[in-house]
Amino acid sequence: MATPPPPPEGEGPGETVASRFAFYQRAGGILTPLVTTIFAFFVGGLVVLLVTHKNPISTYRAIFNGTGLNWFFPWISHADRVNAAYNLQSTLLLTTPLILTGLAVAFAFRAGLFNIGGQGQYAAGSIVGVWVASSFTGMSGLPHILLAIVLGSLAGAGVAGIAGFLRATVGAHEVITTIMLNWIVFWLAGYLFGQQGPLQTSRERSLTQSNDIVQNTHLHVFWGNPILQGLHVGFFIAIAMLVVYWVILNRTTLGYEIRAVGYNPEAARYAGISVGRSYFLAMAIAGTFAGLAGVIDVLGWKFVLSVDDLQGQAGAGAVGFLGIAVALLGRNSPVGIFFAALLFGALLNGTSDRHLDPNIFPPTLAENLTLLIQGLVLLFIGADILVVYAWRARRRLVPRKLRSRAT
Amino acid sequence: VSVYVEPVRGAATRLTQPRGVGTIGIVLGGFAAWLALPPLASRTILWPILVGILAVAAGIWSVSRGGGRAGWGAVASGLAGIALGVLATRSSVGELDTVVVWSALLASTLRYATPLTFAALGGLFSERSGVINIGLEGMMLMGSFFGIWGADKTDSWELGILIAIVSGTMLALVHAFFTIQLRADQIVIGTAINFLALGITGYLFTDIYGAQGIPTNVPEIPDVTIGWLKNVYFIGPIFGDLNLMIWLSFVLLVVSHVVLFKTPLGLRLRSVGEHPRAADTVGISVYATRYVAVALSGALAALGGAYLTLGFIHNFDQNITGGRGFIALAALIFGKWRPFGAFAAALLFGFSSALGDRLPSYFAAGSSVPQLFNVLPYVLTIVAVAGVIGRSIPPAAIGRPYVKQ
């Protein structure tokens, strides 16, 4: 990794999210994310104890058993293992899009951009995916799947690309534009799949949803029962994208440029890198990851999109928004993103009403507990520079940073 | 409206000046009316209204950027365009009916705009002091739950509002502590605030009210009936029976404008947002100012939320705000971080919501076309932040933590 140039004099550029991450990557290992997570779960447990007077440990154990992660324990009985396998398939099914939306946020982060639009890009990908996979009925399986995946990813890239383009040309802040684009996509979905909308299902005129996708575009289920939502091959696509992410960033000129721009756009500009081009491409590639997540979910287990499904995602509990937490917790590294996605996938799945034992803790409450823990993780992650300060206060990195800030 | 075209710089520049945009707005307003007339004779009401709204948007944009008379002209022409266009498409309907429909529509606009106005004013204080507040949505959600919960428990809507304000302020203080004291990234913390509010309100709602939902006998914020105004032609049905909170929002709007731009207090707040180091040098406490501003933003956003549940919808459901906090943020940006600009934008966005709500009867039964009206606020905001000239430029020090020397 290239040694980043020191932050320039003044208060400004040293405070970007990306420069913070550059700082973390030099200063901290996996300790701070771990401490953050444990602390968030601890506070979540306190909430359970104080508000509902339930035992937090047995609650967490029930959630853990709902995730299916106990499948990895060698000592559980055969019957438990069958159930755990089923749970674990669901967990990994949720981990798959989270990896990709996490990458969508992380990739933009590396260019110094904050992509809050993962949810809209995800939705755009799934809308185009469901349209392609439910039309062109004459095509054979594999080309049809590929066409859906390519066009869906491009839709995500297009939505994010608008934000990147505006940032590159007129300097419109990407946080604002991506938030607005999210809502534009949600309401367009309402129009497209709503009553008498152009993409509404032809089966039943009162249903506000899309057509079902063609049978031969369903992704192959390699573990578990296809009827009970087993794990599909999209999981491997997500894993492959983790590698692609690493390769683009660390082994290509584009990645080098994007990282340079992320560390310090001014220095990159002096070095002859086109900052605008890097912004645009970084956002477009980020959007590709999120769009891909949308297509894979449609082809893998959703098979149909409804307006409620899409506009319900406007709530922050959805995978696109979770991608922010995944990227932040995973420190933008592929391995970190995988485990962070697994953590949130497990949390989502373990607290869903299909997998949590309602006698121990009501799932409707637990879903909100998930949101709470998610918020706490973000809160503490945002502040974990404090941890780094506390532990490394007298090391060389911090004083230099402080000195450059204080001028 | 303003297209970035390099080669024809001269003409393009003139057209993207506030006055030029205003002129474009006037032309658009005329176009809106003309769409419904014989040569094109648009069958649906959709096109005159869409074009008319664009004209009004151009007007608001132009006025808040110094376009003056041209901007006001565009607002008037846009409204007239919508009215004429609608009249022409439904010429069979009597005039009396039209007046009733229009006053109802404008009253409905005010109802939709008020939560946005409160939250946008909240965002105004926070962002003018240099702290980005993406958590407006969450603070609003807190206000909407705790408002109705408080009113239910204490059996008084006044106490409900008070509890809502306290809850919003508490959450805002969390935002303030992490962003000001710990210098965490303001956008990350804002996102966290939204998650937290969703979790807290959802958790408590499910735990306390469960499947039954909010009881129906929760006290409501009363409407203010003004007897002498009520029977006045056209204006009466709009202002004669408004909710108390709508009037409060008008008052707070004026107060905010005066405080921010006419008092030393406001000057201090703005200086902290523009150049904290300079403010610090002359003895203004940057931290204290930002704390107060962020706390205030939480209180105002929560007021908007309380109005939503206690004065408008009279119910609560998980995530009831449904993005209104983000529309408020959009209104703030579209109004260029000014109280009246934000209010005008809130009115425009409220108008498009009210239309989306009332228009379905004009389309074939159950058509999804009115959904498109909901897209407008967001598209307009993107145009506003992307505009080459007259672009929405935030306070200079926004988003940057301040380190004391």
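Above this text sits the structure in question.
Keep in mind that this is a model prediction, so the values were computed, not measured.

Caption draft 1: Expanded view of the interface of chain A and chain B. At the junction of the two partners, chain A supplies 58 residues and chain B supplies 55 residues. The contact between chain A and chain B buries some 4800 Å² in all, and 73% of this surface belongs to carbon and sulfur atoms. Among the residues of chain A in contact with chain B, M180, W187 and L379 of chain A are the three that bury the most area, contributing 13% of the side total. Connecting chain A to chain B are 0 salt bridges. Summed over the shared surface of chain A and chain B, the number is 2 residue pairs in polar contact (both at pLDDT 80 or more).

Caption draft 2: Up close: the nonpolar core. In terms of nonpolar packing, the biggest core is built from 232 residues, with F107 and L299 of chain A together with F349 of chain B touching the most fellow members. For this core, the element with the most residues is helix α11 (residues 275-302) of chain A, which contributes 14 residues. If we ignore the near neighbours within four places in the chain, the residues touching F107 of chain A are Y245, I248, L249, I258, A282, I285, A286 and F289 of chain A.

Caption draft 3: Here's a closer look at the pattern of salt bridges. Residues and elements named next belong to chain A. With the rule as written, the count across this model stands at 3 salt bridges over all chains. Between R167 and E174 there is a salt bridge whose closest N-O contact spans 2.5 Å. Accessibility expressed as a relative area gives 22% for R167, which makes it partly exposed.

Caption draft 4: Looking closely at helix α14 (residues 286-313) of chain B. Residue and element names in this part refer to chain B. Taking 1.5 Å per residue, 28 residues should reach 40 Å; α14 reaches 39 Å between its end C-alpha atoms and fits that length. With 24 of 28 residues buried, α14 lies mostly within the body of the structure. Note on α14: the residue one or two positions beyond its end, H314, has a positive phi of about 60°.

Caption draft 5: Region of interest: the packing of aromatic side chains. Scanning the model with the defined rule gives 30 aromatic pairs over all chains in all. Relative to Y402 of chain B, the ring of Y287 of chain B lies with its centre 6.3 Å away and its plane at 85°, an arrangement referred to as edge-to-face. Separated by 115 residues along the polypeptide, Y287 of chain B in helix α14 and Y402 of chain B in the segment after α17 (376-386) bring together distant segments of the chain. Of the two residues examined, Y287 of chain B and Y402 of chain B, each falls in the buried class. What links up through ring pairs into an aromatic cluster is the set F145, F146, W149, F205, Y209 and F316 of chain B. Sitting over the face of the ring of Y279 of chain A, R167 of chain A holds its NZ or CZ atom 4.7 Å from the ring centroid.

Reading the values: rules and limits
Residues numbered from 1 in each chain as written. Chains lettered and ligands numbered in written order. Predicted model: local features only at pLDDT ≥ 70, side-chain atom pairs only at ≥ 80, totals over all residues. Heavy atoms only, no water. Contact = heavy atoms within 4.5 Å. Buried area = accessible area lost by both parts, 1.4 Å probe. Salt bridge = Lys/Arg side-chain N within 4 Å of Asp/Glu carboxyl O. Polar contact = N/O pair within 3.5 Å; in protein donor to acceptor, adjacent residues only side chain to side chain. Core = buried A, V, L, I, M, F, W, Y, C linked by side-chain atoms within 4.5 Å. Buried < 20%, exposed > 50% of the residue type's maximum accessible area, 1.4 Å probe, protein only. Helix = DSSP H or I, 4+ residues; strand = E, 2+ residues; numbered from the N terminus. Expected span 1.5 Å × (residues − 1). Phe/Tyr/Trp six-rings, centres within 6.5 Å; stacked < 30°, edge-to-face > 60°. Lys NZ or Arg CZ within 6 Å of the ring centre and 35° of its normal.

What is shown is where atoms sit, not what they do.
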